[in-house]
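One-letter residues, chain by chain:
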Protein chains: 4
Amino acid sequence: MTTHPHPDAPDVIRSAYAQLAVTDLGAARWFWVDMLGFYVQYEDSGSLYLRGTDELTHHSLVLRKGEVAALDHISYRVRTPEDVDKAEKFFRRLGRPVKRLRKGEGTHGVGDAVRVIDPLGFPVEFFHEIERAERLIQRYDIRHGAEIARLDHFNICTPDIPAAYAHYKSLGFGCSETIEGDEHELYAAWMYRKQTVHDVAFTGGAGPRLHHLGVATHESHQVLRAADIFGALHKEHHIERGPGRHGVSNAFYLYLRDPDGHRVEIYTSDYYTGDPDHETYRWNVKDDRRRDFWGNAVIESWYKEATPVLDLDGRPQPVSDALLDESAVQVGADGLG
Amino acid sequence: MTTHPHPDAPDVIRSAYAQLAVTDLGAARWFWVDMLGFYVQYEDSGSLYLRGTDELTHHSLVLRKGEVAALDHISYRVRTPEDVDKAEKFFRRLGRPVKRLRKGEGTHGVGDAVRVIDPLGFPVEFFHEIERAERLIQRYDIRHGAEIARLDHFNICTPDIPAAYAHYKSLGFGCSETIEGDEHELYAAWMYRKQTVHDVAFTGGAGPRLHHLGVATHESHQVLRAADIFGALHKEHHIERGPGRHGVSNAFYLYLRDPDGHRVEIYTSDYYTGDPDHETYRWNVKDDRRRDFWGNAVIESWYKEATPVLDLDGRPQPVSDALLDESAVQVGADGLG
Amino acid sequence: MTTHPHPDAPDVIRSAYAQLAVTDLGAARWFWVDMLGFYVQYEDSGSLYLRGTDELTHHSLVLRKGEVAALDHISYRVRTPEDVDKAEKFFRRLGRPVKRLRKGEGTHGVGDAVRVIDPLGFPVEFFHEIERAERLIQRYDIRHGAEIARLDHFNICTPDIPAAYAHYKSLGFGCSETIEGDEHELYAAWMYRKQTVHDVAFTGGAGPRLHHLGVATHESHQVLRAADIFGALHKEHHIERGPGRHGVSNAFYLYLRDPDGHRVEIYTSDYYTGDPDHETYRWNVKDDRRRDFWGNAVIESWYKEATPVLDLDGRPQPVSDALLDESAVQVGADGLG
Amino acid sequence: MTTHPHPDAPDVIRSAYAQLAVTDLGAARWFWVDMLGFYVQYEDSGSLYLRGTDELTHHSLVLRKGEVAALDHISYRVRTPEDVDKAEKFFRRLGRPVKRLRKGEGTHGVGDAVRVIDPLGFPVEFFHEIERAERLIQRYDIRHGAEIARLDHFNICTPDIPAAYAHYKSLGFGCSETIEGDEHELYAAWMYRKQTVHDVAFTGGAGPRLHHLGVATHESHQVLRAADIFGALHKEHHIERGPGRHGVSNAFYLYLRDPDGHRVEIYTSDYYTGDPDHETYRWNVKDDRRRDFWGNAVIESWYKEATPVLDLDGRPQPVSDALLDESAVQVGADGLG
């Protein structure tokens with residue numbers, strides 16, 4: 001199992017944006033813009049380009065009108081234009097499907113990019129160039145809803161967690177936290193490039209599927225406010241789990257499902273991981289605080305349901321079953337029987 | 001059914017204190033003082049007298065060492081010394097057990113009092129005189145744990161909600177909110193004398209039993225902090241339900257169980273009910289936001305478990321089953337099947 | 001000096017609403033509705049009728065288009081219709097100007113009322129009947145700006161604090177806190193009918209003038225948010241003082257000036273004063289925490305500027321100078337030299 | 001003026017710790033440990049080694065008993081042991097005083113290090129090796145006072161801001177924000193290596209002196225709580241400025257002075273600066289929101305007073321006057337006349 005960065009890996013800066021196919025763009029706009037507080041940076045007839053109010057690049061979420069609710073791709077920003085070339089070579093060498101998109105061929109606002117199906121079966125884009133956007137950091141007057149500040153991370157369902165760990169290690173990601181069994185068998189891992197707990201995390205389960213997008217607010221009262229607004233409109237069925245405190249990452253969380261069932265985590269509080277010798281913190285799968293620090297039960301749908309992902313031609317990817325099933329470990333915070 | 005104040009009812013000001021029997025005073029002290037932040041106003045070999053930091057009278061909670069975990073009594077303060085006499089006559093006229101306690105005979109710090117077993121079977125004290133206590137309102141330096149500011153209310157389990165409603169109406173209580181069926185059959189009611197949502201509330205169920213004590217903090221982050229401290233000490237099993245937002249009362253809540261299983265609600269946010277024509281707000285039992293505004297499931301133990309109550313001689317009161325079972329109404333927020 | 005309720009005083013429930021004359025109704029709407037988050041219950045060509053989202057009666061603030069920025073009147077709700085008659089007799093007996101307004105003659109939404117010029121020179125209304133309004137307590141979806149929940153109190157400038165104290169004592173108000181000199185000479189007092197720190201407070205200074213309206217939010221982050229929105233729009237000149245913690249009342253505060261210079265305090269946190277023997281808490285005028293618990297200097301304009309008040313015919317009342325000048329006491333938190 | 005990283009500069013990771021000389025170690029402990037919530041990692045007869053609860057290395061603040069209150073040194077962590085050598089060569093090449101400290105010769109817990117007097121006259125240490133410390137991130141039970149999570153930055157007074165900017169640019173620091181005159185003359189700059197607004201900032205003024213240490217909490221209510229505790233103990237004179245919102249950095253702040261007059265900023269909220277093309281945001285010196293986003297006046301002592309710094313032999317460094325005086329620019333938020 002590879003656990004070191006590959007010398008030819010592109011230099012990934014951070015998780016940058018996700019593109020979701022949604023079946024009703026108006027309903028999606030209500031959820032992501034009106035309720036969550038994303039800012040509409042750009043729109044055309046079939047898509048919305050959204051960002052949080054702390055973000056200085058063109059978008060961190062693209063909602064595309066589609067026939068089927070799915071993930072088009074997740075996308076990482078790399079340090080230099082040359083890193084896009086390195087990404088292309090890296091995945092070609094792995095024998096994975098690769099598609100190069102010159103500026104104007106891909107997502108609006110993004111320059112030269114490469115899209116691949118990675119070894120885990122996920123559609124992933126790497127790019128360097130992206131349009132700048134007006135600074136909204138202090139535009140308190142336009143904040144509303146959950147007051148989302150920025151994209152924080154992707155959480156993906158994959159059946160083989162050690163393989164996912166090894167792949168992202170080869171891309172130079174650090175590992176902040178894991179959930180492990182007594183024999184150190186990996187149930188889940190949180191991995192980062194930017195100096196936070198994660199840019200990507202793996203939930204054991206049938207995959208490739210997108211478990212959720214994690215988006216950040218500044219303080220916990222903004223998370224409570226989001227839940228309150230859903231309740232006020234009698235739309236509380238969009239709330240799937242929480243609010244609660246994660247054991248892993250220590251973040252205060254709220255999981256919502258959008259009108260297509262795409263899951264989003266509103267996430268606040270985090271810690272610095274930027275030191276070069278930052279150590280992985282390991283949770284035992286039997287510690288019932290790992291998923292909820294207060295021992296509250298995990299909702300079954302949270303373990304079982306996820307968003308299908310598309311291939312480079314826009315067709316749904318086949319899904320494989322998980323090797324290890326964390327939800328089968330009967331402890332307090334899961335409460336699944 | 002009586003729904004008007006009785007002309008001879010004592011003038012109740014507010015819910016004043018509860019006295020609980022606990023089997024391990026040291027464990028109870030850890031929970032209520034170290035973790036919840038109650039201030040120890042006085043203690044003797046067998047009891048702790050506690051108050052919140054906003055409270056200006058001697059105690060709002062007495063923990064008495066006992067063989068069996070139980071409620072000794074709940075206690076209301078009345079407006080004048082004469083109202084103690086009125087309370088005695090009121091309950092004698094109802095043919096209920098009554099015990100008069102002159103100053104020094106009853107609870108430390110409390111003057112002349114009368115204790116009764118009310119028509120619902122609960123041990124209830126009425127008093128006027130109570131020792132003053134040093135003002136701690138601005139002693140931010142001694143706040144810790146959940147930073148409890150004051151007692152807010154008693155919540156009691158009783159099998160016959162309309163009877164409970166009628167009894168408290170006869171005592172001059174207003175009704176802020178109810179849970180009702182389609183035919184207005186009462187599942188629960190929230191009643192007040194002070195200008196908040198409640199001093200007492202009724203949960204349908206086998207009774208007489210104490211469902212919980214409600215204690216108030218100023219802001220929601222203090223509720224989150226309380227939960228975080230329990231998690232930090234791996235004592236998360238004391239967390240039974242929440243944090244969450246109640247539909248009824250609109251309060252942000254957290255339910256904890258003390259080492260004896262006594263339930264306490266940490267409660268914040270509330271609204272003014274002091275206008276003389278304040279109208280009752282009625283929730284339908286099928287609105288899944290009534291118990292949790294975010295639609296999260298109620299925990300079964302929260303509906304089923306409660307504290308036994310003692311009679312005036314310290315013996316456990318017999319318990320009757322409920323007439324209507326709210327937890328049997330299968331809606332989203334209950335999730336009980 | 002009278003310090004007891006007069007036996008014929010009307011039974012005041014609470015501070016109910018203020019009516020302000022504003023010179024530009026559009027600018028006032030921006031400030032009070034868009035920025036502070038008041039809800040527009042009703043409007044006609046010359047007036048806006050506003051309430052906070054916790055309030056269940058028709059309005060707590062009326063903004064009337066006028067030639068001159070001024071206070072039309074403050075208004076108290078009384079317990080019964082008969083208390084309106086009692087108020088009329090009470091002020092006629094004092095030889096004060098009195099005007100009876102039958103339903104339809106006075107403020108929209110308010111029934112039978114009496115307006116007086118009280119012994120302190122202030123235009124004050126007493127009424128019982130007021131229209132109910134839709135419950136917005138849980139309408140988190142319409143909250144915005146400072147998310148004002150309710151009117152809390154009036155603060156009035158008057159040159160003779162002992163006289164103001166005696167007048168309000170005669171009306172049955174309790175006194176929660178004072179600022180006093182070494183010889184107990186009164187510099188300021190906070191008085192209440194509802195079970196909070198105050199419905200009315202007196203600031204020593206030339207009067208009669210309205211110092212400010214106090215309006216309440218639920219939590220301190222909402223106060224910070226209000227200030228942030230003013231900064232975001234480069235309208236920070238509306239911020240006069242704060243945010244800060246008051247010594248008196250322990251409230252977290254922010255003072256703003258509306259486009260006409262009317263001052264409003266956004267106010268959160270408070271304590272219960274409903275016990276019949278609630279004791280007055282006395283601050284020494286030399287304790288630099290009395291006005292700001294953190295010792296920050298008071299802004300000079302906050303001491304010196306205030307809103308003129310009108311008589312019953314709409315003409316400005318003459319103003320008398322103060323007998324004692326608190327701002328002349330040179331201590332840390334004043335910093336006025 | 002150099003504005004590019006020098007090819008031989010050491011690779012700085014982040015601001016790591018400061019060492020202050022304090023005249024009364026007990027008084028300093030009260031301030032930094034009891035009041036601010038720093039954790040005592042280690043102590044010996046003459047020093048306290050402190051860290052915030054999010055920090056995973058041995059200390060971020062050392063308090064050393066000394067005859068004179070002063071800054072011993074600020075310290076940066078570098079990426080590799082070789083970067084310590086690079087730092088030594090870098091400053092020797094500049095002709096600056098340099099002192100190499102082998103493990104055991106320098107600060108407890110820190111390995112091989114180099115200390116220099118940088119071109120701005122500041123004593124600065126560079127090290128790579130530092131002891132790990134137990135993870136306290138989720139020890140909510142030991143949090144108290146201001147609940148400081150970590151060191152955030154150093155703010156230094158220096159008379160020549162362009163020189164300071166050029167020096168830190170040569171060390172590879174990015175610049176997040178500046179305050180500039182109409183001709184782009186630099187009044188202040190905020191510079192970073194970790195992905196936050198800053199690791200170091202420059203305040204124009206007589207120097208070299210330490211303006212303040214910036215330490216971070218997670219949420220704004222923790223900042224308010226810190227101020228409240230100082231007020232509660234009648235120690236409000238330790239509060240110099242704030243709480244407030246900075247225009248620059250958008251952080252919510254509170255400035256305190258320790259018993260020796262050393263200034264500390266409690267700081268919360270920040271934004272991500274990790275993208276390689278992150279642009280500098282420029283404030284005009286006449287925008288009265290730059291220092292306080294709410295337009296509140298800056299306190300004169302905040303501009304004028306600061307901590308002297310020592311040379312490598314522990315003698316106070318001479319101080320030079322500023323070239324440009326921001327406090328002389330008469331705008332709203334300064335209010336200095």
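Looking at an unreviewed UniProt entry, one finds chain A named 3,4-dihydroxyphenylacetate 2,3-dioxygenase and attributed to Streptomyces diastatochromogenes. According to the UniProt record, the Cofactor (unreviewed entry) comment for chain A reads "Fe(2+)".

Caption draft 1: A look at the state of the cysteines. Residues and elements named next belong to chain A. On inspection of all chains with the given rule, the structure shows zero disulfides over all chains. Here Cys157 is not disulfide-linked; the sulfur of Cys175 is the nearest cysteine sulfur, at 17 Å. What makes Cys157 buried here is its relative accessible area of 1%.

Caption draft 2: Examining the interface of chain C and chain A more closely. Of the residues lining the interface, 12 residues belong to chain C; the matching set on chain A comes to 12 residues. Between chain C and chain A the total buried area reaches about 1000 Å² when both faces are included, carbon and sulfur atoms providing 57% of it. For the pair chain C and chain A, the interface holds two salt bridges. The tally of links from chain C across to chain A stands at three residue pairs in polar contact (both at pLDDT 80 or more). Taken together, the residues of the side of chain C that touches chain A break down into four nonpolar, two polar and six charged.

Caption draft 3: Inspection of the UniProt feature "domain: VOC" (unreviewed entry) in chain A at higher detail. As annotated in UniProt, the feature "domain: VOC" (unreviewed entry) corresponds to residues 14-129 and 150-269 of chain A in the numbering used here. In the segment residues 150-269 of chain A, helix accounts for 19% and strand for 46%; the C-alpha atoms at its two ends are 13 Å apart.

Caption draft 4: Structural detail: helix H2 (residues 81-93) of chain A. Residue and element names in this part refer to chain A. Along its 13 residues, H2 runs 19 Å from first to last C-alpha, staying within 8% of the 18 Å computed at 1.5 Å per residue. Taken residue by residue, H2 has Asp83, Val84, Ala87, Glu88, Phe90 and Phe91 as its buried positions. An end-on view of H2 places all buried positions within 165° of arc, on one side of the element. Lining the buried residues of H2 we find strand S5 (70-78), strand S6 (98-101), strand S7 (113-117), strand S8 (123-127) and helix H3 (161-170). At the C-terminal side of H2, Gly95 shows a positive phi close to 75°.

Caption draft 5: Examining the relation of the copies chain D and chain A more closely. Relative to chain A, chain D is turned by 180° and slid 0.0 Å along the rotation axis, the superposed coordinates differing by an RMSD of 0.0 Å. The transformation just described matches what one would write down for a two-fold rotation axis. Closest approach to the rotation axis within chain D is made by the C-alpha atom of Glu219 of chain D, at a distance of 3.0 Å. When the interface residues of chain D are mapped onto chain A, 100% of them again lie at the interface, so the same face is used by both copies.

Caption draft 6: Representation of the interface of chain D and chain A. Taken together, the contact between chain D and chain A spans 38 residues of the former and 38 residues of the latter. Buried area between chain D and chain A, summed over both chains or domains, comes out near 3200 Å², and the portion from carbon and sulfur atoms is 44%. Interface area lost by chain D to chain A is led by Arg132, Arg135 and Gln138 of chain D, which between them contribute 18%. Where chain D meets chain A, there are 12 salt bridges. Arg132 of chain A is the salt-bridge partner of Asp277 of chain D, the closest N and O atoms lying 3.6 Å from each other. For the pair chain D and chain A, the interface holds 25 residue pairs in polar contact (both at pLDDT 80 or more).

Caption draft 7: Region of interest: helix H4 (residues 220-232) of chain B. Residue and element names in this part refer to chain B. Along its 13 residues, H4 runs 19 Å from first to last C-alpha, staying within 8% of the 18 Å computed at 1.5 Å per residue. Extensive coverage of H4 is indicated by the burial of 13 of its 13 residues. In the segment just after H4, His234 is the residue with positive phi, at about 55°.

Caption draft 8: The arrangement of the domain arrangement of chain A in detail. All names here are of chain A. Domain parsing of chain A yields domain 1 (12-130) and domain 2 (146-324). Centre-to-centre, using C-alpha coordinates, domain 1 lies 19 Å away from domain 2. Roughly 3900 Å² of surface becomes buried between domain 1 and domain 2 when both sides are summed, with 71% attributable to carbon and sulfur atoms. In terms of surface lost to domain 2, no three residues of domain 1 exceed Met35, Leu120 and Phe122, which account for 17% of the buried area on that side. Linking domain 1 to domain 2 there are zero salt bridges. Between the two partners, domain 1 and domain 2, sit 21 residue pairs in polar contact (both at pLDDT 80 or more). Sorting the residues of the side of domain 1 that touches domain 2 by element identifies strand S1 (12-22), helix H1 (25-35), strand S4 (61-65), S5, H2, S6, S7 and S8 as the ones contributing at least two each. In terms of residues, the side of domain 1 that touches domain 2 owes the most to one element, S1, which gives 10 residues. Grouping the amino acids of the side of domain 1 that touches domain 2 by side-chain chemistry returns 33 nonpolar, eight polar and nine charged.

Caption draft 9: Local environment of empty space enclosed by the protein. Under the counting rule described, the total for this entry stands at seven cavities of 30 Å³ or more. Empty space within the largest cavity amounts to approximately 750 Å³. Lining the largest cavity are 31 residues; nearest its centre among them are Arg150 and Asp270 of chain B together with Arg150, Thr196 and Asp270 of chain C. Class assignment of the residues belonging to the lining of the largest cavity gives a composition of 10 nonpolar, 12 polar and nine charged. Its boundaries defined by the atoms lining it, the second largest cavity holds a volume of some 500 Å³. Around the second largest cavity, the lining comprises 31 residues; the ones closest to its centre are His221 and Gln222 of chain A together with His221, Gln222 and Arg225 of chain C.

Caption draft 10: Representation of the packing of aromatic side chains in the model. Applying the stated rule across the entire model yields 84 aromatic pairs over all chains. Their ring planes at 50° and their centres at 5.3 Å tell us that Tyr253 of chain C and Tyr255 of chain C sit as a pair that is tilted. Comparing Tyr253 of chain C with Tyr255 of chain C, the two get one shared label, buried. Summarising the aromatic geometry, the rings of Tyr76 of chain D and Phe154 of chain D are spaced 5.5 Å apart at their centres and angled 80° between planes, so their arrangement reads as edge-to-face. With Tyr76 of chain D in strand S5 (residues 70-78) and Phe154 of chain D in strand S9 (residues 150-158), this residue pair connects regions lying 78 residues apart in the sequence. Residue Tyr76 of chain D shares its accessibility class with Phe154 of chain D, and that shared class is buried. The structure contains a cluster of three or more aromatic residues connected by ring pairs, namely Tyr76, Phe90, Phe91, Phe126, Phe154, Tyr168, Phe173 and Phe202 of chain A. Sitting over the ring of Trp302 of chain B, Arg241 of chain B keeps its end group 4.5 Å from the ring centre.

Caption draft 11: How the structure looks around the pattern of salt bridges. If you walk through the whole model with that rule in mind, you get 141 salt bridges over all chains. Of the charged contacts, one joins Asp72 of chain D and Arg64 of chain D as a salt bridge, the two residues approaching to 2.5 Å between their closest N and O atoms. For Arg64 of chain D, a relative accessible area of 26% corresponds to the partly exposed category. Each of Arg14, Arg77 and Arg132 of chain A together with Asp275, Asp277 and Glu279 of chain D takes part in a single network of salt bridges with overlapping partners.

Caption draft 12: Up close: the relation of the copies chain C and chain A. With an RMSD of 0.0 Å, the operation that places chain C on chain A is a rotation of 180° combined with a shift of 0.0 Å along the axis. The residues that chain C uses at the interface reappear at the interface of chain A in 100% of cases, marking a shared surface.

Caption draft 13: Region of interest: the sheet that holds strand S1 (residues 12-22) of chain B. Residues and elements named next belong to chain B. With respect to topology, eight strands assemble into an open sheet ordered S2-S3-S4-S1-S5-S8-S7-S6, the strand pairing being mixed. Strand pairing shows two members of the sheet lacking a second neighbour, strand S2 (39-44) and strand S6 (98-101), which therefore form its edges. Between one strand axis and the next, the sheet turns through 20° on average, direction left out of account. Alignment of S2 against strand S3 (residues 47-51), held across five bridges, turns out to be antiparallel.

Caption draft 14: Looking closely at unusual backbone geometry. Residues and elements named next belong to chain A. With omega at 5°, the peptide bond leading from Gly242 into Pro243 counts as cis. Relative to the helices and strands, Pro243 resides in strand S14 (residues 239-245). Even without being a glycine, His234 presents a positive backbone phi close to 60°. Examined against the element boundaries, His234 turns out to sit in the loop between helix H4 (220-232) and S14. For His234, a relative accessible area of 40% translates into the label partly exposed.

Criteria and thresholds
- Residues numbered from 1 in each chain as written.
- Chains lettered and ligands numbered in written order.
- Predicted model: local features only at pLDDT ≥ 70, side-chain atom pairs only at ≥ 80, totals over all residues.
- Heavy atoms only, no water.
- UniProt positions renumbered as here; feature names shortened; annotations may be inferred.
- Disulfide = S-S within 2.5 Å.
- Buried < 20%, exposed > 50% of the residue type's maximum accessible area, 1.4 Å probe, protein only.
- Contact = heavy atoms within 4.5 Å.
- Buried area = accessible area lost by both parts, 1.4 Å probe.
- Salt bridge = Lys/Arg side-chain N within 4 Å of Asp/Glu carboxyl O.
- Polar contact = N/O pair within 3.5 Å; in protein donor to acceptor, adjacent residues only side chain to side chain.
- Nonpolar A, V, L, I, M, F, W, Y, C, P; charged D, E, K, R; others polar.
- Helix = DSSP H or I, 4+ residues; strand = E, 2+ residues; numbered from the N terminus.
- Expected span 1.5 Å × (residues − 1).
- Arc of directions from axis to C-beta.
- Least-squares fit on C-alpha atoms with pLDDT ≥ 70 in both.
- Domains from an automatic or database assignment.
- 1 Å grid on protein atoms, 1.4 Å probe; cavity = no way out; pocket = protein on both sides within 12 Å on 5 of 7 lines; lining within 4 Å.
- Points joined across faces, edges and corners; volume = space filled by probe spheres on them.
- Phe/Tyr/Trp six-rings, centres within 6.5 Å; stacked < 30°, edge-to-face > 60°.
- Lys NZ or Arg CZ within 6 Å of the ring centre and 35° of its normal.
- Pairing = 2+ DSSP bridges.
- Axes fitted to C-alpha atoms, helices over the stretch in contact; angles between N-to-C directions.

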